[in-house]
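Below are the chains, spelled out letter by letter.
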Amino acid sequence: MRKIELEIVALSHSITQTHSYAVVLGEVNGLRRLPIVIGGFEAQAIAVALEKMQPSRPLTHDLMKNFMSAFNVDLTEIVISDLQEGIFYSKLVCVGENDTVEIDSRTSDALALAVRFGCPIYTYENILESAGILMEDSSGKKKKSVSGPEREESGNDDLRALSVEELQVLLNEVLEQEDYIRAIAIRDEINSRKNQ
């Protein structure tokens, strides 16, 4: 399968859920976005690396990078390799002196390490198709959302009362506000109706 390169385009706090964040990955040279819900500690680990902050003591991901560097192991890429029941699975592609090894990882940990190593982030077309969101193109035309399995528990009842057209308008509004967690719930409601 062809790998698609992604980059971190946003780290967003949920307006509707406390302690929930979304890291938003964008398709390099493309319009699709892949929002992934993560916890507060994971968001902090990514934010610290993105902002190039130097904590007084190494965080867990800094320790991991230092450990790998001490033993001449380089992280060459991460691959978001699977999506099952709303959970993303990732692999760390590590290169040592004699071989290349793929190591299973939580996606949030993989992203925190990718930022620290400066390595590329990849996924596959089927994952972007099932969990991605299309954004506006340069002409300002709105793009439709695509399906995905993640569901926000709160607020789904009020979404069920809206028509598909109203949901699409609401989706565009929350994307402009960068509330990606709410966007996931709206996208899922639209897609559940399409699949009925």
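Residues numbered from 1 in each chain as written. Predicted model: local features only at pLDDT ≥ 70, side-chain atom pairs only at ≥ 80, totals over all residues. Heavy atoms only, no water.

By the naming in an unreviewed UniProt entry, the protein goes by BFN domain-containing protein and is assigned to Flavihumibacter petaseus NBRC 106054.

Right, let's get into the packing of helix α1 (residues 40–50) against helix α3 (residues 107–117). In contact at an axis separation of 9 Å, α1 and α3 are set at 10° when each is read in the N-to-C sense. Relative to α3, the element α1 lies roughly parallel. Of the residues in α3, those in contact with E42, A45, I46, V48, A49 and L50 of α1 are S108, L111, A112, V115 and R116. Class assignment for the residues of the contact of α1 with α3 results in eight nonpolar, one polar and two charged. (Axes fitted to C-alpha atoms, helices over the stretch in contact; angles between N-to-C directions. Helix = DSSP H or I, 4+ residues; strand = E, 2+ residues; numbered from the N terminus. Parallel < 35°, antiparallel > 145°, perpendicular 65-115°, else oblique. Contact = heavy atoms within 4.5 Å. Nonpolar A, V, L, I, M, F, W, Y, C, P; charged D, E, K, R; others polar.)

The subject of this paragraph is unusual backbone geometry. The backbone of K52 shows a phi angle near 55°, a positive value even though the residue is not glycine. As for its placement among the helices and strands, K52 is situated in the loop between α1 and α2 (60–70).

By the element assignment, E42 lies in helix α1. Ignoring anything within four residues of it in the chain, the contact list for E42 reads R106 and S108.

Two elements in contact, α2 and α3, have axes separated by 10 Å at closest approach and are oriented at 60°. One element, α2, and the other, α3, form an angle in the oblique class. In this structure, α2 meets α3 at a crossing whose hand is right-handed. Of the residues in α3, those in contact with H61, D62, M64, K65 and M68 of α2 are D109, A112, L113, R116 and F117. Broken down by class, the residue content of the contact of α2 with α3 amounts to five nonpolar, one polar and four charged. (Left-handed = near helix turned anticlockwise from the far one by under 90°.)

Glancing now at the packing of aromatic side chains. One pass over the structure, following the stated rule, counts one aromatic pair. Where F67 meets F71, the ring centres are 5.1 Å apart and the plane angle is 45°; that geometry is what we call tilted. When the ring centre of F117 is taken as origin, the NZ or CZ atom of K65, which lies over that ring, is 5.2 Å away. (Phe/Tyr/Trp six-rings, centres within 6.5 Å; stacked < 30°, edge-to-face > 60°. Lys NZ or Arg CZ within 6 Å of the ring centre and 35° of its normal.)

Now for the environment of L34. Position of L34 relative to the elements: it lies in strand β3 (residues 32–39). Residues L34 and I8 lie 26 residues apart in sequence; the distance between their C-alpha atoms is 9.4 Å. Those residues in contact with L34 that lie beyond four places of it in its chain are L6, V23, V24, L25, I80, F88, I127, L128, A131 and G132.

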